[in-house]
Amino acid sequence: MEPIVSKLIVDLLGAAAVAGIVWFFWFSKPKGVAAAAGASGLQEALIVVKGGYHPDVIVVKAGKPVRLNFLRRETSACSEMVLFPDFDKSATLPTDETVPIEFTPTKPGEYGFQCQMGMLRGKLLVE
Amino acid sequence: MPETEATAVLTDPVCGMEVDAGQARRLSYDGREVFFCSEQCEAKFRADPSRYLKAKPTRPPKHPLSATSGVRPDQKGVQRIQLSIVGMHCPKCPPAIEKALLETPGIASARVNPGTERATIDYDPAQIDLAGIAAVIKRGGFSMGVATERIGLKNLFCDSCVQVSEKALKRTPGVLDARVNPTAAEVTVDYVPSETSLDAIRAAIKSAGYDPAETGTDEPVDREQKQREQEYRSLMLKFWVSLAISVPVILFSYPPLFGLTGLVPPGSSVQRLVWAGMGVLTLPILLWAGSQFFVGAWGALRNHSANMQTLIAMGISAAWLYSTVVVLAPSVFPAGTAADVFYDVTAVVTALVLLGLALELRAKTRTNEALRKLIGLQAKTARVIRDGQEVEIPVEEVLVDEVIVVRPGEKIPVDGEVTEGSSAVDESMVTGESIPVEKHPGDEVIGATINGTGLLRFRATKVGKDTMLSQIIRMVREAQSSKAPIQRVVDSVAAYFVPAVLILAILGFMIWFTWGPPPAVVYALIVFVTVLIIACPCALGLATPTSLIVGVGKGAENGILIKNGQALETAQKLDAIVLDKTGTITVGKPSLTDVIASGEFSEEEVLSFAASVEQASEHPLATAIVEGARERSLSLKEPTDFNALPGRGVEATIAGHQVLLGNLKLMEERAVPLGDLSKQAETLAEEGKTPMYVALDGQPAGIVAVADTLKEDSVAAIRGLKSLGLEVVMITGDNRHTAEAIGRKVGIDRVLAEVLPEDKAHQVQMLQLEGKMVVMVGDGINDAPALAQADIGMAIGTGTDVAIEASDITLVRGSLRSVATAIELSKATMRNIRQNLFGAFIYNSLGLPIAAGVLYPFFGILLSPIIAAAAMAASSVTVVSNANRLRGWRPRATEGG
């Protein structure tokens, strides 16, 4: 293979990768998961914590209580806490244990939740 | 309890169950009959009879089941509980629940607050229990906030014992249902968390004679600690294994360095074989030690995000994959370019990053020492008076209103009010005040403080999660997990940081591959991996929260409770401080300041007459005079014909003399010639004191004056506040004259006098309109609106929930010096955060270009990925260590004052 050809191929591939990264991380967002509303009106969702929050976008209705059950499936100290700064809520998540966080969002909007360092993030969409 | 043997009720000594004499198994032992519910219990007894015969009387007979409610069982009649209601979403719901409840026999009143979603219910426990109330609420279509917990039972011997423990638990207030599973040896308890706690349920199980298993009930912090310890050990194990593998890998990666060139000649088949061996050796590093990076990276990718793990995972796998292609298919690369493998990068980078994570974890654990210390303060046992006897019981079982005895040197177990004895109590662990505080009957004591030399008896006022210590712990936890506004900057950067690093790495690869010196592919790969590895999003992410944790904890150690990160950040930007006079600068209650004698009377006589008259009055000024006389050990006489004269004063007869005590008006009305006494009274009034004339049988005897005295260290504290560059303003309802006199005394130039309580907030706002950041300091009760209006509201000398609610910062200690300390702490913490952020930003913005090779064209410097890994690991450890430096912070203003 001519060096110039291989260079061209590498550069094209690189440019494509850069475009892919920009699209994947900044322009394509996964759809949210709606919290299941129980008979009592309590909106519940299970969020598995492993390298991230799964699901990381939860859709709930405003004015009804929300219970988010966090289940941490890893030991990395990074994710040992989850914070909801907008609701002044936080919880320590022991490994392999379900920890519920309860609150009632009153105003529609987008509220973030995250680990203490802010490396893992999720969103609560209140409609 | 020997009398039970004589009664008709038979009790199984092993499990404590009541048994029917006809059906029970019986055994003669030591000259008496013993009955058992089952074969198992009998066998247990036969194995060790003395244990059960002795153990029985120690079981507390009367109180055990009330352990959980905080209400004494002998307090019969209506009880009040608060329940949280779930599923209440319509405006009609609260009345519907209330109606359903009120129609139920045994419920005296029921109020439902839709805002808090709580029902307050007064009920008669004799007619309805909590389970009954729960059923009513459930029938109405709602449910109560109920928690379910499984607790292991260690000594469940027989199936029949099941009933006993279930019954015992169900009788516990707050417990709705209890189901024992004998095969699993555990009990499942449904309970109302607001009414009882897990600890209390465990206490109830214990007092029923069973042993609840320890598992799963540790303090969250302990558990966090244990898990961190485990994580640390696992990281270190991975590190040591990676390191061990790294040694041969490094030896054969740089044969010339170690004199191994002869062994593995370049380009030979031996070399290829050695390389292949290195590839196999490093495989476990990649797949086992480095697995957490791949797991984390994958988890993030699923969320369309990327983090540190993504970078490390890509870096170490790129190095390994390239090397493996070189070994397996060298023909892919043009001749001469496939000259090297990078298995050493995979091995050493993984080892270093793991070590960095482990060290960071270690350092992180230290950041929250303050909170752990607070939790450790909690007393374990309390000595209470029950049935006239001192009994030592677990602190969880102490009930409100019980009398507790604390011997010298012992820990005061819960909050309460002294009923007997006096002592100096060391409250430093809660308030930060190092000087012990004198306690007399009527004074409040705080749980977890240490009694000094005297014996104290006190009545418990707050137990369990309501104690001041529990509230402080809760508040510290909440504040530590809140966000400082400065974090927002980091947050917005964080979302772009890691993908940007990925892009930079790819661009670097492209540039080096296209224009770099030969072998281009090797340089390009080194640059690619180094950029990925050197980027440290962790340092950025850790910068704010770790300092915040240390700072908030440090505050709690000094009796400063900071509500959240916002309050901490605002407290360093303040321009003006408004001090409410009463209770902040002054003690907040009047005391005797001056006694002036006139004519042939002595000061003692004047005071003695005044105090004797005032004994009959309950006015705060009267109390101050009586206290003043007592302090000077004057003997007081009983007044007769006491008469209060509204707006004037009082009169009474003492030992045959008619005594008048009151203002100028009274003296003029009774035509008492005051002479130059009135001038002296005026001077006193100018100093902000309240003078009262004393007249004996129509003749002037002297003046007693009382005033709200300054707190001892107010002057020094105000000087300290000024030295912090704050404009100090005093606000008071006093008249201008008095207010200015006090202002001069304490060194305050700007005095807002004659301010009605409801106008205080307005005055704060006026200051804010001058463009100032204002902190308002008050007692948190009367001035809540002003505290809320200010940029920072500080409640001083209190730990009550009302004050904590109303203020941004609560100063447990009464001293004004804590205000300066709080501001200093805020400054120190924010400085620390800025250092961290600056360091992290600088590190990344210098490290990334260098890793990309910008220095190469000028100096020929290109970083090795191994150096990058060391730098990256060091940077996050540095951030946490810098935050830990705050732990050594000492308040400056409180030292000199």
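Please refer to the structure higher up on the page.
Residues numbered from 1 in each chain as written. Chains lettered and ligands numbered in written order. Predicted model: local features only at pLDDT ≥ 70, side-chain atom pairs only at ≥ 80, totals over all residues. Heavy atoms only, no water.

A. Focus on the overall build of chain B. In terms of helices and strands, chain B carries 32 helices and 33 strands. In chain B, buried positions account for 52% of the 897 residues. For chain B, contacts bridging at least 24 residues in sequence account for 66% of all contacts bridging at least 6. Element-wise, carbon and sulfur atoms account for 56% of the exposed surface of chain B, whose accessible area totals about 39400 Å². (Helix = DSSP H or I, 4+ residues; strand = E, 2+ residues; numbered from the N terminus. Buried < 20%, exposed > 50% of the residue type's maximum accessible area, 1.4 Å probe, protein only. Contact = heavy atoms within 4.5 Å. Areas by Shrake-Rupley, 256 points an atom, 1.4 Å probe, with all protein chains shown as cover.)

B. A look at the packing of helix α8 (residues 269-289) of chain B against helix α9 (residues 291-302) of chain B. Residue and element names in this part refer to chain B. Axis separation between α8 and α9 bottoms out at 4 Å; the angle between their running directions is 45°. With respect to their mutual orientation, α8 and α9 come out oblique. Mapping the contact onto sequence places L286, L287, W288 and A289 in α8 and S291, Q292 and F294 in α9. Split into classes, the residues belonging to the contact of α8 with α9 amount to five nonpolar, two polar and no charged. (Axes fitted to C-alpha atoms, helices over the stretch in contact; angles between N-to-C directions. Parallel < 35°, antiparallel > 145°, perpendicular 65-115°, else oblique. Nonpolar A, V, L, I, M, F, W, Y, C, P; charged D, E, K, R; others polar.)

C. Region of the structure containing the sheet that holds strand β10 (residues 109-115) of chain A. Spatial strand order, β1-β5-β11-β10-β7-β8 (chain A): six strands in an open sheet with mixed pairing. Either end of the sheet is taken by a strand with one partner, and the two such strands are β1 (33-34) and β8 (89-92) of chain A. (Pairing = 2+ DSSP bridges.)

D. Quick look at α9 of chain B. Residues and elements named next belong to chain B. The terminal C-alpha atoms of α9, which comprises 12 residues, lie 17 Å apart, in line with the 16 Å expected from a rise of 1.5 Å per residue. The complete set of buried residues in α9 reads Q292, F293, G296, A297, G299 and A300. Around the axis of α9, the buried residues are gathered within 160° of arc, so they sit on the same side. (Expected span 1.5 Å × (residues − 1). Arc of directions from axis to C-beta.)

E. How the structure looks around the pattern of salt bridges. Residues and elements named next belong to chain B. In the structure shown here, the tally under the stated rule is 29 salt bridges over all chains. The salt bridge involving R817 is made with D713; its shortest N-O contact spans 3.1 Å. Of this pair, R817 sits in helix α29 (residues 817-852) while D713 sits in the loop between β28 (699-710) and α24 (714-723), and the two are 104 residues apart along the sequence. For the pair R817 and D713, a shared accessibility class is recorded, and that class is buried. A salt bridge links E727 to R750; the shortest N-O distance between them is 2.9 Å. (Salt bridge = Lys/Arg side-chain N within 4 Å of Asp/Glu carboxyl O.)

F. Structural context of the packing of helix α16 (residues 520-534) of chain B against α29 of chain B. Residues and elements named next belong to chain B. For the pair α16 and α29, interaxial distance at closest approach is 8 Å and the crossing angle is 170°. Judged by the angle between their axes, α16 and α29 are roughly antiparallel. For the pair α16 and α29, contact is made by V527, T530, V531 and I534 and by Y843, N844, G847, L848, A851 and A852, respectively. Residue composition of the contact of α16 with α29, by class: seven nonpolar, three polar and no charged.

G. Layout of the interface of chain B and chain A. At the interface, 47 residues of chain B touch 47 residues of chain A. For the pair chain B and chain A, the summed buried area comes to about 4100 Å², and 61% of that belongs to carbon and sulfur atoms. At the boundary of chain B and chain A, one finds one salt bridge. Among the ionic pairs, E80 of chain A bridges to R228 of chain B, the shortest N-O distance being 2.1 Å. The tally of links from chain B across to chain A stands at eight residue pairs in polar contact (both at pLDDT 80 or more). When residues in the side of chain B that touches chain A are grouped by element, the largest group, 15 residues, is from helix α15 (residues 487-515) of chain B. (Buried area = accessible area lost by both parts, 1.4 Å probe. Polar contact = N/O pair within 3.5 Å; in protein donor to acceptor, adjacent residues only side chain to side chain.)

H. Structural view of the pairing of strand β32 (residues 792-796) of chain B. Residue and element names in this part refer to chain B. Burial of β32 is extensive: five of the five residues sit out of reach of the surface. The alternating pattern of β32 places I792, M794 and I796 on one face and G793 and A795 on the opposite face, and all of these are buried. Relative to β32, strand β31 (residues 774-778) runs parallel, the two sharing four bridges. Bridge assignment links V775 to a residue of β32, and that residue is I792. For the crossover that starts at β31, traverses helix α27 (residues 784-789) and ends in the parallel β32, the hand is right-handed. Relative to strand β33 (residues 809-811), β32 runs parallel, the two being bridged by three bridges. Of the residues in β33, the one forming a bridge with I796 is L811. (Right-handed = clockwise from strand over helix to strand, strands pointing away.)

I. The packing of aromatic side chains, seen in detail. By the definition in use, this model includes 19 aromatic pairs over all chains. Judged by centre distance (5.2 Å) and plane angle (55°), the rings of F84 of chain A and F103 of chain A are tilted. Highlighted residues: F84 of chain A in strand β7 (residues 81-84) and F103 of chain A in strand β9 (residues 98-103), separated in sequence by 19 residues. Aromatic ring contacts, followed pair by pair, group Y53, F70, F84, F87, F103, Y111 and F113 of chain A into a single cluster. Taking NZ or CZ as reference, R362 of chain B lies 3.9 Å from the ring centre of Y232 of chain B, over its face. (Phe/Tyr/Trp six-rings, centres within 6.5 Å; stacked < 30°, edge-to-face > 60°. Lys NZ or Arg CZ within 6 Å of the ring centre and 35° of its normal.)

J. Spatial organisation of the nonpolar core. One finds L68 and F70 of chain A to be the most contacted residues of the largest nonpolar core, which totals 117 residues. Counting the residues that make up this core, at least three belong to each of domain 1 (1-30) and domain 2 (33-126) of chain A. Those residues in contact with F70 of chain A that sit more than four places away from it in its chain are I47, V49, Y53, V82, F84, L93, E97, T98, V99, I101 and F113 of chain A. Of all hydrophobic cores here, the second largest spans 61 residues; its members include M468, I473, V812 and A828 of chain B. (Core = buried A, V, L, I, M, F, W, Y, C linked by side-chain atoms within 4.5 Å. Domains from an automatic or database assignment.)

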